[in-house]
Amino acid sequence: MAKTKTAYFCNSCGYESPKWVGRCPGCGEWNTMVEETVSVAKGSSKSKRGLLDSDARPLALSAIEALEEPRVHMPSEELNRVLGGGLVAGSLTLLGGEPGIGKSTLLLQNILSIRGKKILYISGEESATQLKLRADRIGKVADNTFILCETDLDRIFAQIKNVAPAMLVVDSIQTIYSPDIESAPGSVSQVRECAARLLRYAKQSGVPVILVGHINKDGAIAGPKVLEHIVDTVLQFEGDRQYLYRLLRAIKNRFGSTSEIGIYEMADRGLREVKNPSEMLLSQNREEEMSGIAIGVTMEGVRPFLVEVQALVSSAAYGTPQRSVTGFDQRRLNMLLAVLEKRARFKLAQKDVFLNIAGGLKVADPALDMAVVAAIMSSNFDVTLPPRVVMAGEVGLSGEIRTAARIDRRVAEAQKLGFETIFIPKGNLKGAGQSDFDIRIVEVSKVDELFRHLFA
Ligand code: TYD
Ligand code: MG
């Protein structure tokens with residue numbers, strides 16, 4: 001007879017505690033402990049095993065042959081780039097994202113275009129007919145793709161033995177369960193055990209495994225942030241569902257950089273790769289110029305692109321002015337408003353300020369600061385900015401314009417898209433100068449200097 005006991009697990013880091021505590025001792029998060037049954041079945045010690053059990057001996061690092069990891073080239077170039085050049089053999093990749101963002105579509109679309117490799121797609125969420133209907137919509141179905149609708153991990157492994165796939169997709173890890181563990185699918189212990197067994201399979205067989213994981217509202221991969229430690233690569237698929245753009249970024253990558261992003265657009269026949277993000281974001285036909293709009297050059301990884309910053313400044317109707325932000329950090333906005341108030345002597349304390357990054361993007365690049373302050377001032381004075389002007393630069397606490405990373409790429413991007421003037425921080429271009437570019441470059445060192453240029 002299996003003896004059952006319960007334990008408490010942290011939803012955020014997987015910390016195990018025999019009794020409930022308000023604050024997780026492992027990661028310090030509050031209210032993350034959930035009760036789960038753990039069965040201690042006799043003879044089953046699976047959950048006690050290490051992640052990579054093998055009879056390993058210590059080896060001198062110099063004696064280890066460093067072979068270039070073989071990679072499976074994925075059909076989507078954006079996906080390849082984010083992975084660092086393809087899917088590494090024997091790697092475990094987690095694709096996270098909110099429900100309905102397009103994770104299944106992305107994977108299905110990719111595996112449907114791979115030829116000559118057996119691929120097993122485990123679905124715990126959709127029926128085989130549902131998947132077939134979707135597959136017909138987004139691609140040509142080849143006979144090397146196998147679908148298995150199953151959630152019992154033991155039976156999944158039995159089928160893996162039968163099929164012997166060259167690539168395995170599990171959609172999603174939260175629906176899969178191991179019968180050795182009594183708690184419900186999606187619980188911390190289940191997710192951890194299933195992921196650990198799939199990891200062992202990947203390492204032993206050399207088959208790349210992709211797990212789909214749902215993200216809860218806080219942005220953590222549901223329950224198990226634990227998964228992030230186990231897997232080799234964590235990809236996140238994000239975007240606003242009201243908009244069509246989707247960003248794919250690597251949060252962790254043992255085989256490549258985490259600075260690359262992939263950009264997709266959801267169309268009626270699946271996801272379409274977006275090669276020119278700036279054109280997509282600035283495509284709106286803007287005949288008449290409006291106040292409160294500025295265009296900044298931001299970097300996502302090593303790719304520059306232009307985004308439109310929209311601001312609305314109006315007199316506060318109630319005592320406390322509102323500050324509302326979409327796509328930008330609220331605290332950063334407050335900081336910039338304080339800088340404008342104190343260093344540039346603009347009275348904004350009694351004004352409501354609304355800020356929006358067009359296109360549903362979230363931007364964390366500090367070099368967008370200049371465009372943010374320009375948009376705010378433009379709305380405040382109700383004066384439009386000069387046409388075909390962009391800017392890139394961080395605003396410091398004393399109102400100084402600080403240098404931005406990779407400024408030459410930003411200038412080149414603005415030039416490519418036909419802009420006439422770019423405002424950049426003073427001295428940022430180092431060796432290069434105006435003669436290297438066709439676009440007019442204006443160097444500024446303070447916010448007031450920027451305003452003098454823009455609103456004189
Ligand atoms: P899906 O891949 O099921 O999301 P996830 O697996 O992340 O939960 O994608 C769901 C959304 O994508 C769905 O709401 C409809 C939309 N969609 C399209 O707009 N076009 C398409 O061709 C497909 C397949 C889906
Ligand atoms: Mg799905």
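Up top is the structure.
Quick look at the structure, then. This one's a predicted model, so the numbers in the text were calculated from it and none came from an experiment.

## What about the nonpolar core?
Argument step 1. Judged by nonpolar contacts, the single largest core of 47 residues is most densely connected at L368, V372, I376, M391, F423, F451 and L454.
Argument step 2. Counting only elements with at least two residues in this core, the list comes to β13 (261–267), β16 (303–315), α8 (330–343), β18 (351–357), α9 (369–381), β19 (389–391), β23 (440–444) and α11 (447–455).
Argument step 3. With 8 residues, α9 is the largest single contributor of residues to this core.
Argument step 4. Apart from residues no more than four positions distant in its own chain, M391 is found in contact with A294, I295, G296, V297, M370, A371, A374, L385, I422, F423 and L454.
Argument step 5. In this structure, V72, L79, V82 and I138 belong to the second largest nonpolar core, which totals 29 residues.

## With respect to the pattern of salt bridges
Argument step 1. If you walk through the whole model with that rule in mind, you get 19 salt bridges.
Argument step 2. For the salt bridge of R197 with D154, the shortest nitrogen-to-oxygen distance reads 2.8 Å. Placement of the pair is R197 in helix α5 (residues 188–205) and D154 in helix α4 (residues 153–163), with a sequence separation of 43 residues.
Argument step 3. Taking relative accessible area as the criterion, R197 reaches 10% and is therefore assigned buried.

## Digging into helix α2 (residues 103–112)
Argument step 1. Counting buried residues along α2, 10 of its 10 residues qualify, which places the element largely inside the surrounding structure.
Argument step 2. Those residues of α2 lying buried are K103, S104, T105, L106, L107, L108, Q109, N110, I111 and L112.

## Some words on the site of ligand 1
Argument step 1. Surrounding ligand 1, one finds 16 residues, the nearest of these being G100, S104, T105, A267 and G270.
Argument step 2. Residue K103 places a main-chain N or O atom 2.8 Å away from an oxygen atom belonging to ligand 1.
Argument step 3. Between ligand 1 and R134, the relevant distance is 3.0 Å, taken from an oxygen atom to a side-chain nitrogen or oxygen of the residue.
Argument step 4. For ligand 1, the accessible surface in isolation is 560 Å², of which the surrounding protein chains cover 74%.

Cut-off values and rules
Residues numbered from 1 in each chain as written. Chains lettered and ligands numbered in written order. Predicted model: local features only at pLDDT ≥ 70, side-chain atom pairs only at ≥ 80, totals over all residues. Heavy atoms only, no water. Core = buried A, V, L, I, M, F, W, Y, C linked by side-chain atoms within 4.5 Å. Buried < 20%, exposed > 50% of the residue type's maximum accessible area, 1.4 Å probe, protein only. Helix = DSSP H or I, 4+ residues; strand = E, 2+ residues; numbered from the N terminus. Contact = heavy atoms within 4.5 Å. Salt bridge = Lys/Arg side-chain N within 4 Å of Asp/Glu carboxyl O. Near = heavy atom within 4 Å. Polar contact = N/O pair within 3.5 Å; in protein donor to acceptor, adjacent residues only side chain to side chain. Areas by Shrake-Rupley, 256 points an atom, 1.4 Å probe, with all protein chains shown as cover.

Fair warning: the whole summary comes from geometry, so function is off the table for now.
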